[in-house]
Structures are given as structure tokens and as C-alpha cells.
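Observations on the model geometry
Each chain, letter by letter, is given below.
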Amino acid sequence: MDIGLLRTFLEVSKTRHFGKAAENLYLTQSAVSFRIRQLEELVGLPLFSRQRNNIMLTSAGERLIPHAENILASWQIALQDVGLPEQQEMHLSLGGISNLWGTFLQSTLPKLAEAFPQISIRTEINSHLELTRALIAGRLDMAVVLDPPNLAELKTNKIGQIELALVTNKKGAKFSDIYDVGYVFVDWGTAFNMKHAKLFKKPVAPVLHTEQSQIALEFLLTNGGAAFLPMSQLESYLQEGQLHLIEGIKTVKRSVYAVYSKNAPEHLNIEPIIELLYEVELKPETTLQPVE
């Protein structure tokens with residue numbers, strides 16, 4: 001199997017245009033068409049239907065996509081593993097949802113590198129579902145999530161907790177004022193969304209929907225509004241009066257978990273990594289400066 005065939009297939013499936021795929025891959029359009037024909041001959045089925053410049057995936061093409069992604073990702077991991085310098089004997093593929101990278105994982109990477117000088121780290125940001133798939137497929141060694149999957153082949157360790165508070169830039173604002181000040185919805189996972197739905201008896205249309213608390217924080221400081229944000233991220237802004245807690249609304253606590261395969265690679269000693277993540281305080285090490 002020529003890896004280039006799968007890479008070309010995925011690019012065409014993404015762009016739905018042979019010319020654009022050719023530009024992105026620095027190939028000629030005829031070369032892209034030839035590669036797709038080669039791949040279709042290998043699988044024995046058409047992967048695209050071509051109708052008046054409208055390129056659509058066939059059912060076989062749809063089914064091939066996750067396999068192609070897994071093969072390419074596994075190949076990349078293999079190249080990294082084989083090419084590791086002798087002093088870097090440990091390779092860690094670490095995934096996390098977007099919000100946890102901004103909340104604390106990004107600042108954890110230097111600590112991992114310092115504690116394990118022999119480690120080589122590859123990171124991935126994705127949804128809970130895609131991270132679970134990557135763990136099962138062996139493309140990830142560990143994922144840090146809010147909603148851990150309940151699967152027999154995966155092991156879960158709680159490594160900390162995030163306390164979320166509903167805050168606004170309007171001093172003295174009440175919960176009923178949210179509809180007027182503008183609500184920013186930050187996605188904190190399934191369990192949070194269920195509590196969130198019970199809290200808002202009347203539907204609220206958010207002015208911004210994001211998976212990153214840092215984006216929501218910047219929006220509140222510059223444009224105003226209300227959002228559920230980590231208390232550890234809010235300390236300086238509450239003290240300076242830039243943000244205010246909305247009275248009468250209890251904080252929401254969310255546990256953070258490290259998930260990994262029970263059949264972890266022999267070269268990877270998971271336990272010390274889990275211990276380090278457990279010891280690291282779940283908060284970013286840098287914060288925005290209060291607005292003057």
C-alpha cells in the first residue's frame with residue numbers, strides 16, 4: 001500500500017474537488033486522478049461519484065475514511081518511534097479536549113519534559129469521541145477528558161477537579177439579567193450540559209459558543225457578557241473587579257480524568273506520568289492582564 005494514495009484520498013474527500021486537492025498536495029490534477037483510480041482498483045469499488053463537477057463520496061468511500069485516517073496516523077507514529085534519538089527512549093502520545101489544553105495541559109508539557117528527560121511527546125486536540133477512538137486504535141497512549149468512556153479495554157484515573165463559576169462583567173447582575181448582558185456558552189462536557197439545561201428554564205441563545213475558556217474570558221473582558229469559567233482562571237479578575245460572580249448560582253465541579261489503554265506499550269511507564277498529572281494543579285500558569 002502506497003501511503004500517498006490514502007493521503008490523496010483524504011484530501012479529495014475533504015475538498016470535494018480534484019483541482020483544490022492537487023493544489024494542496026502540490027501535485028497535478030491528473031496525478032490526483034491517477035492516484036484515486038489506483039486506490040479504487042485496490043479496494044475494488046468506486047470511492048467517489050462524479051456528476052457535473054459535483055464530487056461525492058460513495059458508501060465505500062465513507063467507510064474507508066476512518067480506516068485511512070488510522071493508517072496514516074499509525075504510520076506517522078511508527079516513523080516518530082523508529083526515528084527517536086537514543087536518549088529519548090519513551091514516546092508519549094497525549095490527547096485532550098480543547099478546553100483542558102487551555103486550562104492546564106499546555107502548561108503541563110514542560111513539567112513532563114523536565115520530569116522525564118527521555119520522553120518524546122506528541123499532542124492531539126479532539127472531541128471526547130475521537131479521543132476514545134484514537135485510544136482504542138492505539139494512536140494515543142493517554143487522553144485527558146471530562147467525560148471518561150466506560151470501556152473494558154480502557155483504564156481511568158481521576159487526576160483533579162475544576163470548579164466552574166458563573167461570572168459576568170456587570171457588577172450586581174442577577175441570573176435573570178443574563179438574557180440581556182449576553183451569554184457565552186463554554187462546552188464543559190455532557191454532565192455539565194445536563195446541569196446547564198436544568199439551570200436555564202427558558203432557552204438562551206448564546207452570543208458566542210466555544211470549547212475554549214480562554215476565548216470566553218477574553219470575550220467577557222472586551223465585549224461583556226456572562227459565562228461559566230474555572231475559578232482558578234478568575235481569581236485576579238474577581239479581585240480587580242473586572243468580573244463578578246452572579247449571586248445565587250452555585251459553582252459546578254467537574255472531575256478531570258486520564259484515560260489510557262490497559263495494554264499500554266511496554267516502553268511506556270504510565271503510572272509515574274499519572275502521578276505527575278495528579279500533582280499538577282489544574283490551572284493555567286499565565287493569565288490575561290486586567291483591562292485598564
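Refer to the structure printed above.
Read on for a plain summary of the structure. Note that the structure is predicted; figures quoted are calculated from it, not measured. (Residues numbered from 1 in each chain as written. Predicted model: local features only at pLDDT ≥ 70, side-chain atom pairs only at ≥ 80, totals over all residues. Heavy atoms only, no water.)

Take the overall build of the chain next. Each helix and strand in the chain was counted, giving eleven helices and eleven strands. Within the chain, buried positions represent 43% of all 292 residues. Sequence separation of 24 or more characterises 71% of the internal contacts of the chain that already satisfy a separation of 6 or more. About 16,100 Å² of surface is accessible on the chain, with carbon and sulfur atoms providing 50% of the total. (Helix = DSSP H or I, 4+ residues; strand = E, 2+ residues; numbered from the N terminus. Buried < 20%, exposed > 50% of the residue type's maximum accessible area, 1.4 Å probe, protein only. Contact = heavy atoms within 4.5 Å. Areas by Shrake-Rupley, 256 points an atom, 1.4 Å probe, with all protein chains shown as cover.)

This part is about the packing of aromatic side chains. Inspection of the entire model under this criterion finds five aromatic pairs. Here the aromatic rings of Phe 9 and Phe 48 are separated by 5.6 Å at their centres, their planes lie at 55 degrees, and the arrangement is tilted. With Phe 9 in helix H1 (residues 3–15) and Phe 48 in strand S1 (residues 48–51), this pair connects stretches of sequence that are 39 residues apart. For Phe 9, a relative accessible area of 0% translates into the label buried. Plain terms: the ring middles of Phe 175 and Phe 200 are 5.1 Å apart, the flat faces sit at 50 degrees to each other, and that makes the pair tilted. Of this pair, Phe 175 sits in the loop between strand S6 (154–168) and helix H7 (178–181) while Phe 200 sits in the loop between helix H8 (190–199) and strand S8 (208–210), placing them 25 residues apart in sequence. Of the two residues, Phe 175 and Phe 200, both sit in the buried class. Here the aromatic cluster, defined as three or more aromatic residues joined through ring pairs, consists of Phe 9, Phe 18 and Phe 48. (Phe/Tyr/Trp six-rings, centres within 6.5 Å; stacked < 30°, edge-to-face > 60°.)

Time to look at the side chain of Asp 141. Within the fold, Asp 141 resides in the loop between helix H6 (128–137) and strand S5 (142–145). The buried charged residue Asp 141 lacks any salt bridge, with Arg 122 as its nearest oppositely charged partner at 6.9 Å. (Lys, Arg positive; Asp, Glu negative; His and termini not counted. Salt bridge = Lys/Arg side-chain N within 4 Å of Asp/Glu carboxyl O.)

It is worth spelling out the nonpolar core at this point. Counting residues in hydrophobic clusters, the biggest one holds 60 residues, and the most contacted among them are Met 142, Val 144, Tyr 183, Leu 229 and Ile 273. For this core, the element with the most residues is S6, which contributes seven residues. When neighbours within four sequence positions are excluded, Tyr 183 is seen to be in contact with Leu 166, Ile 178, His 196, Phe 200, Val 204, Pro 206, Val 207, Leu 208, Ala 226, Ala 227 and Phe 228. Membership of the second largest hydrophobic core comes to 21 residues, among which are Phe 48, Leu 57, Ile 65 and Leu 72. (Core = buried A, V, L, I, M, F, W, Y, C linked by side-chain atoms within 4.5 Å.)

Take the packing of helix H5 (residues 98–115) against helix H11 (residues 270–279) next. Running from N to C, H5 and H11 point in directions that differ by 135 degrees, and their axes come no closer than 11 Å. When the axes of H5 and H11 are compared, the pair comes out oblique. The crossing of H5 and H11 is right-handed. Seen from H5, the contacting residues are Thr 108, Lys 111, Leu 112 and Ala 115; seen from H11, they are Ile 273, Leu 276 and Leu 277. The class makeup of the residues in the contact of H5 with H11 is five nonpolar, one polar and one charged. (Axes fitted to C-alpha atoms, helices over the stretch in contact; angles between N-to-C directions. Parallel < 35°, antiparallel > 145°, perpendicular 65-115°, else oblique. Left-handed = near helix turned anticlockwise from the far one by under 90°. Nonpolar A, V, L, I, M, F, W, Y, C, P; charged D, E, K, R; others polar.)

With that settled, the discussion passes to unusual backbone geometry. Despite not being glycine, Arg 16 shows a phi value in the positive range, around 55 degrees. Secondary-structure assignment places Arg 16 in the loop between H1 and helix H2 (18–25). A positive phi angle is found at Tyr 26, which is not glycine, with a value near 60 degrees. Note on placement: Tyr 26 falls in the loop between H2 and helix H3 (29–43).

On to the environment of Ala 31, then. For Ala 31, the location among the structural elements is in helix H3. The partly exposed category is assigned to Ala 31, whose relative accessible area is 24%.

For any two helices packed against each other, one specifies the crossing angle of their axes together with the interaxial distance. With their axes 9 Å apart at the nearest point, H1 and H3 run at an angle of 110 degrees to one another. Taken together, H1 and H3 sit at an angle that is classed as roughly perpendicular. The segment H1 lies against H3, with Gly 4, Leu 5, Leu 6, Thr 8, Phe 9 and Val 12 engaging Val 32, Arg 35, Ile 36, Gln 38, Leu 39 and Leu 42. Classifying every residue of the contact of H1 with H3 by side-chain character gives eight nonpolar, three polar and one charged.

So, on to the environment of Glu 124. Within the element layout of this structure, Glu 124 appears in strand S4 (residues 119–125). Sequence spacing of Glu 124 and Ser 98 is 26 residues, and the spatial spacing of their C-alpha atoms is 9.2 Å. If we ignore the near neighbours within four places in the chain, the residues touching Glu 124 are Leu 94, Gly 95, Gly 96, Trp 101, Leu 131, Ala 134, Arg 139 and Leu 140. A polar side-chain atom of Glu 124 sits 3.3 Å from a polar atom in the side chain of Asn 126. (Polar contact = N/O pair within 3.5 Å; in protein donor to acceptor, adjacent residues only side chain to side chain.)

Moving on, we get to the pairing of strand S9 (residues 226–230). With five of its five residues buried, S9 lies for the most part within the structure. In S9, alternate side chains face the same way, and those of Ala 226, Phe 228 and Pro 230 on one face and Ala 227 and Leu 229 on the other are all buried. As defined by bridge partners, S6 adjoins S9 across five bridges and the pair is classed as antiparallel. For Val 167, the partnering residue across the bridge sits in S9 and is Ala 227. (Pairing = 2+ DSSP bridges.)

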